[in-house]
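Each chain, written out:
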Amino acid sequence: MMRRWSPVLWVLALAASASGYQHFVHYPSRLGPYTPIPEKFDLNSLANKTVYFYVSEDRPQLAPNDTYEALVAQIRQALGVWNGVATSDLRVAFGGVANLAQTSSQTPSGEVVFEELPPGVLGMGGPMTRLPNAGGFLPIVRSRLILPLQLTNPNRTSASESFFNSLVHELG
């Protein structure tokens, strides 16, 4: 008797061959050949292969009993999750709280800012600036994580699991 694979097993089999990196890919033209050009941080330009993330000193509105310090602590913990991925050469770390409007670093880095987001959007993240093609990839210079300016929902404080999960996802 021949056994059929369930759809779940098919998805798991296909997922096993999927890459967990190179989410940002460019193609040199709209016409073939479709040669992908990955967008990533240049590990050779980073001290200790580490990207430092800086949190904007411009504070969001928080729910009662929530604090900016607790929010920053959650950001640090989320960065720690990504830094703990043993199979990655890229390291991430907390760089501090900064006035990002006055920061102009030539070193690749990331920033966490608070802006007005559309209803239902919990956060957005991705590369902001990149350099020209450097031997097969586009080096990221600056990456940005945008969190809502209004973090006033008492059911979704910076200490909530759902906020932390969203934070880890967007940093990734």
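Everything that follows concerns the structure shown earlier in this document.
Just so it is clear, the model here is predicted, and its values are computed rather than measured. (Residues numbered from 1 in each chain as written. Predicted model: local features only at pLDDT ≥ 70, side-chain atom pairs only at ≥ 80, totals over all residues. Heavy atoms only, no water.)

(A) Expanded view of the overall build of the protein chain. What the protein chain contains, in helices and strands, is 3 helices and 9 strands. The linear arrangement of helices and strands in the protein chain, starting from the amino end, is α-β-β-β-β-α-β-β-β-β-β-α. In the protein chain, which comprises 172 residues, the proportion classed as buried is 34%. Sequence-distant contacts, at least 24 apart, represent 67% of the contacts inside the protein chain between residues at least 6 apart. By element, 57% of the accessible surface of the protein chain is carried by carbon and sulfur atoms, the whole surface being about 11200 Å². (Helix = DSSP H or I, 4+ residues; strand = E, 2+ residues; numbered from the N terminus. Buried < 20%, exposed > 50% of the residue type's maximum accessible area, 1.4 Å probe, protein only. Contact = heavy atoms within 4.5 Å. Areas by Shrake-Rupley, 256 points an atom, 1.4 Å probe, with all protein chains shown as cover.)

(B) Quick peek at the pattern of salt bridges. For the structure on display, the rule yields 4 salt bridges. Of the charged contacts, one joins Glu69 and Arg59 as a salt bridge, the two residues approaching to 3.9 Å between their closest N and O atoms. Highlighted residues: Glu69 in helix α2 (residues 68-83) and Arg59 in the loop between β3 (50-56) and β4 (61-62), separated in sequence by 10 residues. Taking relative accessible area as the criterion, Arg59 reaches 52% and is therefore assigned exposed. By sharing partners, the salt bridges in this structure join Glu111, Glu115, Arg142 and Arg144 into a single network. (Salt bridge = Lys/Arg side-chain N within 4 Å of Asp/Glu carboxyl O.)

(C) Expanded view of the packing of aromatic side chains. Going through the model one piece at a time under the given rule, you end up with 0 aromatic pairs. Its guanidinium or amino end placed over the ring of Phe137, Lys40 lies 5.1 Å from that ring's centre, counting from NZ or CZ. (Phe/Tyr/Trp six-rings, centres within 6.5 Å; stacked < 30°, edge-to-face > 60°. Lys NZ or Arg CZ within 6 Å of the ring centre and 35° of its normal.)

(D) Representation of the nonpolar core in the model. With 24 residues, the main nonpolar core has Ile75, Leu147 and Leu167 as its most contacted residues. Where this core is concerned, the elements lending two or more residues are β3, α2, β6 (109-115), β8 (138-148) and α3 (161-171). A total of 6 residues in this core trace back to one element, the largest contributor, which is α2. In terms of nonpolar packing, the next biggest core, distinct from the first, is built from 5 residues, Ala98, Leu100, Val113 and Leu117 among them. (Core = buried A, V, L, I, M, F, W, Y, C linked by side-chain atoms within 4.5 Å.)

(E) Examining unusual backbone geometry more closely. For Asn48, which is not a glycine, the phi torsion comes out positive at approximately 55 degrees. Take Asn48: it is sitting in the loop between β2 (37-40) and β3. In the Ramachandran plot, Asn65 falls in the positive-phi region, its phi being about 70 degrees despite a non-glycine side chain. Its place among the elements puts Asn65 in the loop between β4 and α2.

(F) Quick look at α2. Across its 16 residues, α2 extends 22 Å between first and last C-alpha, which sits within 8% of the 22 Å expected from 1.5 Å per residue. Every buried residue of α2 is accounted for by Tyr68, Leu71, Val72, Gln74, Ile75, Ala78 and Leu79. The buried residues of α2 occupy an angular sector of 155 degrees when projected down its axis, which confines them to one face. (Expected span 1.5 Å × (residues − 1). Arc of directions from axis to C-beta.)

(G) Quick peek at α3. Turning to α3, its buried residues number three or more, namely Phe163, Phe164, Ser166, Leu167, Val168 and Leu171. Contact partners of the buried residues in α3: β3, α2, β8 and β9 (150-151).

(H) Expanded view of the environment of Val113. With respect to the secondary-structure elements, Val113 resides in strand β6. The exposure class of Val113 is buried, given its relative accessible area of 9%. When the C-alpha positions of Val113 and Leu147 are compared, they lie 6.2 Å apart, and in sequence the two are 34 residues distant. Those residues in contact with Val113 that lie beyond four places of it in its chain are Ser56, Leu100, Arg144, Leu145, Ile146 and Leu147.

The values reported here are purely geometric and, on their own, carry no functional implication.
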